[in-house]
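# Fold and geometry: a report
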Amino acid sequence: MQEHESGYFTEENSVEVVTARNRNAGNPRLQEVMEVITRKLHEAVREIEPTEEEWMQAIMFLTRTGQICDDTRQEFILLSDILGVSMLADAIRSRRPSGATENTVLGPFHVDGAPEREMGDNICLDQKGEPMFVHGVVRDTDGNPLEGVRLDVWEANDEGFYDVQQQGIQPEFNLRGVFTTGADGRYWFRAVKPKFYPIPDDGPVGQLLGHLGRHPYRPAHFHYLVSLDGYQKLTTHIFDPDDRYIHSDCVFGVKESLMAEFKPVDDPAEAARHGFTGRFFDVEYDFVLARMETT
Ligand code: BEZ
Ligand code: FE
């Protein structure tokens, strides 16, 4: 028997015994992570003192969380989101110089391979929802416009569903598109005004929210992945500050700097100039990308 296997497990030395047993781990990072997880988990169990029934409830909750996952449903990410863990991990990974646009959660609805579009294109393919014109400039932290920036945009429709949640109902790649800036750093496109919507809440995470007296809603937003070689990739949203859930996003994704005014425009000439027939919303938001080496 090796020395590190000789300790008998007790309530008092539980962390040391388990950690010592992992001493021959081939991967030092795995060993470090398991040491922290063991320490924190044992601390929680010591404080909570779960009954056998409560411990079994926790096991069954995690079992159901795994069982509902498939190629398009990731309940563990939703769990991480509603616990604030996704936002905390993201905040730690994406520390930036002041002035650079802030990150927020990616969410489970990004799709690779969205069509490349021309500036001004309408990403709404089924003419549903209230029209919205979105525009702005992408700059570096010194204020210079950036050319060749890829803006990958996606949003839910006016009923709160992404195309991938309504296959056969919405056109494929509805409300998605990739735009690339020219030398002036400008971008502009047409879309629909987003609305608040619930995260998928028909599974164990939705039930947990219910038990905690929490709603499952996200305030109205649309998503961006903004990227350019040599710059930190930006994963973010633009939020409507007037949304009823702006102060209680169920996944904690809202940041003050990510709100933009959704200005209603009633002028028919302006509407025609933007390719709309009636009232539309104008949203202006400038992005600032941080260089790769800066934090
Ligand atoms: C989203 O905004 O698409 C989203 C983010 C986190 C959880 C569910 C949805
Ligand atoms: Fe979303």
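The following paragraphs examine the structure supplied in this document. (Residues numbered from 1 in each chain as written. Chains lettered and ligands numbered in written order. Predicted model: local features only at pLDDT ≥ 70, side-chain atom pairs only at ≥ 80, totals over all residues. Heavy atoms only, no water.)

### What about the site of ligand 1?
Spelled out, the test is: Residues are classed as near a molecule or strand on a simple rule: at least one heavy atom within 4 Å of it. Here a polar contact means two N or O atoms within 3.5 Å. Within protein one must be a hydrogen donor candidate and the other an acceptor candidate, and residues neighboring in sequence count only if both atoms are side-chain atoms. Put simply, DSSP H or I for four residues or longer makes a helix, DSSP E for two residues or longer makes a strand, and each gets a number counted from the N terminus. Three classes are used: nonpolar for Ala, Val, Leu, Ile, Met, Phe, Trp, Tyr, Cys and Pro, charged for Asp, Glu, Lys and Arg, and polar for all others, with Gly counted as polar.
Around ligand 1, the surrounding shell consists of Leu78, Asp81, Gly107, Pro108, Phe109, Tyr162, Tyr197, Ile199, Arg218, His221, His223 and Val251. The contact in question runs from an oxygen atom of ligand 1 to an N or O atom on the side chain of Arg218, over 2.5 Å. Where the shell around ligand 1 is concerned, the elements lending two or more residues are helix 4 (75-82) and strand 7 (221-227). Its residues assigned to classes, the shell around ligand 1 shows 7 nonpolar, 3 polar and 2 charged.

### Remarks on the coordination of the iron ion (ligand 2)
Here is the rule we go by: Listed donors are limited to N, O and S atoms within 2.8 Å of the metal, widened to 3.2 Å for Na, K and Ca; water is not among them, so incomplete-looking sites are possible. Working rule for geometry: tetrahedral if four donors all subtend angles between 85 and 135 degrees; square planar for four, octahedral for six, if opposite donors exceed 155 degrees and the others stay between 65 and 115; irregular in every other situation. The buried label applies to any residue whose accessible area, calculated with a 1.4 Å probe on protein chains only, is under 20% of its type's maximum; exposed applies above 50%, and partly exposed to all values in between.
Those donors, Tyr162 (OH), Tyr197 (OH), His221 (NE2) and His223 (NE2), are the protein atoms that reach the iron ion (ligand 2), and they lie 1.9 to 2.2 Å from it. The site at the iron ion (ligand 2) holds 6 donor atoms, and with the angles between them running 53 to 167°, its shape is irregular. Taken in sequence order, the residues that donate to the iron ion (ligand 2) follow the motif Y-x34-Y-x23-H-x1-H. In this pair, Tyr197 is assigned in strand 5 (residues 197-198) and His221 in strand 7, connecting sequence segments 24 residues apart. Each member of the pair, Tyr197 as well as His221, carries the same accessibility label: buried.

### Here we look at the nonpolar core
Using the following cut-off: For our purposes a nonpolar core is just a set of buried Ala, Val, Leu, Ile, Met, Phe, Trp, Tyr and Cys residues, chained together by side-chain atoms within 4.5 Å.
Formed by 32 residues in total, the largest nonpolar core has its most connected members in Phe189, Tyr224 and Phe287. Looking at this core, the elements that each hand over two or more residues are strand 1 (131-140), strand 2 (150-154), strand 4 (186-192), strand 7, strand 8 (234-239), strand 10 (280-284) and strand 11 (287-289). The element that contributes the greatest number of residues to this core is strand 4, accounting for 4 residues. In this structure, Phe61, Val205, Leu209 and Cys250 belong to the second largest nonpolar core, which totals 11 residues.

### Topic: the pattern of salt bridges
The line we're drawing: Salt bridges are counted wherever a side-chain nitrogen of Lys or Arg sits within 4 Å of a carboxyl oxygen of Asp or Glu.
Evaluated as defined, the whole model comprises 12 salt bridges. Between Arg39 and Glu35 there is a salt bridge, with the nearest N and O atoms lying 3.0 Å from each other. Of this pair, Arg39 and Glu35 both sit in helix 2 (residues 28-48), 4 residues apart, which is roughly one turn of that helix. You can call Glu35 partly exposed: its relative accessible area is 26%. Residues Arg150 and Glu116 are paired through a salt bridge, measuring 4.0 Å at the closest nitrogen-oxygen approach. Linking Arg150 in strand 2 with Glu116 in the loop between helix 5 (85-93) and strand 1, this pair joins segments that are 34 residues apart in sequence. Ionic contacts of the salt-bridge type, sharing partners, join the residues Arg73, Glu75 and Asp202 into one network.

### Comments concerning the state of the cysteines
Our working definition: A pair of cysteine sulfur atoms is labelled a disulfide when the two atoms are within 2.5 Å.
According to the stated counting rule, one finds 0 disulfides in the structure shown. Unpaired in terms of disulfides, Cys69 finds its nearest cysteine sulfur in Cys250, a separation of 17 Å. Cys69 sits in the partly exposed class, given a relative accessible area of 24%.

### Overview of the pairing of strand 2
Selection rule: Two strands are said to pair when DSSP picks up at least two bridges between them.
Counting buried residues in strand 2 gives 4 out of 5 residues, a clear majority hidden from the surface. Alignment of strand 2 against strand 7, held across 5 bridges, turns out to be antiparallel. By the bridge assignment for strand 7, Asp152 is matched with Leu225.

### Description of the packing of aromatic side chains
Rules: Note on aromatic contacts: the rings of Phe and Tyr and the six-membered ring of Trp form a pair at centre separations within 6.5 Å, being stacked when their planes are under 30 degrees apart, edge-to-face when over 60 apart, and tilted otherwise. Whether a charge sits over a ring comes down to the Lys NZ or Arg CZ being within 6 Å of the ring centre and within 35 degrees of the ring normal.
Counted under the stated rule, the structure contains 15 aromatic pairs. Here the aromatic residues Phe179, Tyr187, Phe189, Phe222, Tyr224, Phe262, Tyr285 and Phe287 are joined through ring pairs into a cluster of three or more. Sitting over the face of the ring of Trp188, Arg186 holds its NZ or CZ atom 4.5 Å from the ring centroid. The residue whose ring lies beneath Lys193 is Phe281, and the NZ or CZ to ring-centre distance is 4.9 Å.

### Observations concerning the side chain of Ser94
Looking at the secondary structure, you find Ser94 in the loop between helix 5 and strand 1. At a separation of 2.5 Å, a polar atom in the side chain of Ser94 contacts the main-chain carbonyl oxygen of Asp90.

### Topic: the environment of Met119
Under the convention used in this document: By definition, residues are in contact when any of their heavy atoms lie within 4.5 Å.
Note that Met119 resides in the loop between helix 5 and strand 1. Taking C-alpha positions, Met119 is 9.6 Å from Gly182, a pair spaced 63 residues apart along the chain. Those residues in contact with Met119, other than ones at most four positions away along the chain, are Phe179, Thr180, Thr181, Arg186, Tyr187 and Trp188.

### So, unusual backbone geometry
Of note in this structure, Gln127 is not a glycine but carries a positive phi near 55°. With respect to the secondary-structure elements, Gln127 resides in the loop between helix 5 and strand 1.

Any link to function would need more than the numbers given here.
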